[in-house]
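Results of the structural survey
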Amino acid sequence: MAISSIQSSHQAYSPLPVQAASGGGVKTASQSGMSGDTVQVSDEARALARQAGAESQTVTGVTPDQTASSQTEDYELPLEAYALPDWFMGLTSELNMVDTQIGIKYYESRRARYDALSTKEKDDLAEYNSILHGCFRDELKNHGIENSVDYYREIVQNLNGASDQVEQAVKQRLGADPRAMQLMEYFGLSLES
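Not measured: the values here are computed from a predicted model.

This next bit is on the overall build of the chain. Looking only at helices and strands, the chain features 10 helices and two strands. Order of helices (α) and strands (β) in the chain, N terminus to C terminus: α-β-α-β-α-α-α-α-α-α-α-α. Within the chain, contacts between residues separated by at least 24 positions form 66% of all contacts whose residues are at least 6 apart in sequence. About 12,000 Å² of surface is accessible on the chain, with carbon and sulfur atoms providing 50% of the total.

Time to look at the packing of helix α7 (residues 119–142) against helix α10 (residues 178–186). Relative to each other, α7 and α10 sit at 125°, their axes nearing to 10 Å. By the criterion of interaxial angle, the relationship of α7 to α10 is oblique. Here α7 runs over α10; the crossing is left-handed. Counted together, Glu121, Asp124, Glu127, Tyr128 and Ile131 of α7 and Arg179, Ala180, Leu183, Met184 and Tyr186 of α10 form the full contact between these two elements. When its residues are assigned to classes, the contact of α7 with α10 shows six nonpolar, no polar and four charged.

This brings us to α7. The end-to-end C-alpha distance of α7 is 34 Å, a good match for the 34 Å that 24 residues give at a rise of 1.5 Å each. Looking at the residues trailing α7, positive phi occurs at Gly144, about 75°.

Taken as a whole and assessed by the stated rule, the structure comprises five aromatic pairs. A ring pair is formed by Trp87 and Phe88, whose centres lie 6.1 Å apart and whose planes are at 70°; its orientation type is edge-to-face. For Trp87, a relative accessible area of 11% gives the class buried. On the basis of relative accessible area, Phe88 is assigned to the buried category, the value being 0%. The interplanar angle of 90° and the centroid separation of 5.0 Å between the aromatic rings of Tyr186 and Phe187 together place this pair among those described as edge-to-face. Through successive ring pairs, a cluster of aromatic residues spans Trp87, Phe88, Phe136 and Tyr151.

Our focus in this paragraph is the environment of Lys141. By the element assignment, Lys141 lies in helix α7. We classify Lys141 as exposed; its relative accessible area is 61%. The spatial distance from the C-alpha of Lys141 to the C-alpha of Val166 is 9.8 Å, given a sequence separation of 25 residues.

Another aspect to go through is the pattern of salt bridges. In this structure the tally under the stated criterion is 10 salt bridges. Between Asp99 and Arg110 there is a salt bridge, and its shortest N-O distance comes to 4.0 Å. Residue Asp99 is located in the loop between α5 (86–90) and α6 (110–115), and its partner Arg110 is located in helix α6; the two are separated by 11 residues in the primary sequence. Arg110 gets classed as partly exposed once you look at its relative accessible area, which sits at 21%. Across the pair Asp138 and Arg173 runs a salt bridge, and its minimum N-O distance is 3.0 Å. Of this pair, Asp138 sits in helix α7 while Arg173 sits in helix α9 (residues 162–175), placing them 35 residues apart in sequence. Judged by its relative accessible area of 31%, Arg173 falls in the partly exposed class. One salt-bridge network, held together by shared partners, links Glu94, Asp99, Arg110 and Arg113.

Calculation rules
- Residues numbered from 1 in each chain as written.
- Predicted model: local features only at pLDDT ≥ 70, side-chain atom pairs only at ≥ 80, totals over all residues.
- Heavy atoms only, no water.
- Helix = DSSP H or I, 4+ residues; strand = E, 2+ residues; numbered from the N terminus.
- Contact = heavy atoms within 4.5 Å.
- Areas by Shrake-Rupley, 256 points an atom, 1.4 Å probe, with all protein chains shown as cover.
- Axes fitted to C-alpha atoms, helices over the stretch in contact; angles between N-to-C directions.
- Parallel < 35°, antiparallel > 145°, perpendicular 65-115°, else oblique.
- Left-handed = near helix turned anticlockwise from the far one by under 90°.
- Nonpolar A, V, L, I, M, F, W, Y, C, P; charged D, E, K, R; others polar.
- Expected span 1.5 Å × (residues − 1).
- Phe/Tyr/Trp six-rings, centres within 6.5 Å; stacked < 30°, edge-to-face > 60°.
- Buried < 20%, exposed > 50% of the residue type's maximum accessible area, 1.4 Å probe, protein only.
- Salt bridge = Lys/Arg side-chain N within 4 Å of Asp/Glu carboxyl O.

This is the structure in structure tokens:
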């Protein structure tokens, strides 16, 4: 799995907010599946969360109970549920990737190569990222993937072949966009990846 500094999956869909801890305000490591720290939520924080939920209900028409039930399943997803598919990373410039090698010298890093780009090149890379994210986000929506649970099942696990379908649709959209193709060529990217 590659780590991207562009946070594409975060922009692709709006993840559901995490449900406040229950059971006296403490969520232990064994309850969350993680080890180490514990968190205590104060009564004041709970009151503020209830107040925020009531305010959002007036705006969205969704009750806090409806939101809480949809959050529960989302909250228990593994970290991999938020990963970008490998094919997406093939459409992303290496300049967006974070170096994972420990002890790398700055002048050898991707960050140094990014910093060496001109302002216009950085703007072009940002434009390409925006086009790519837009295509990805639109195709997720077109394929009925509207939340992180759907994303995990259909894209990360590729249960019904949706990831392959989204991949083909994104590549078709990029191929039909002359500016995207121009930027891909400049940054050494290809639809054949």
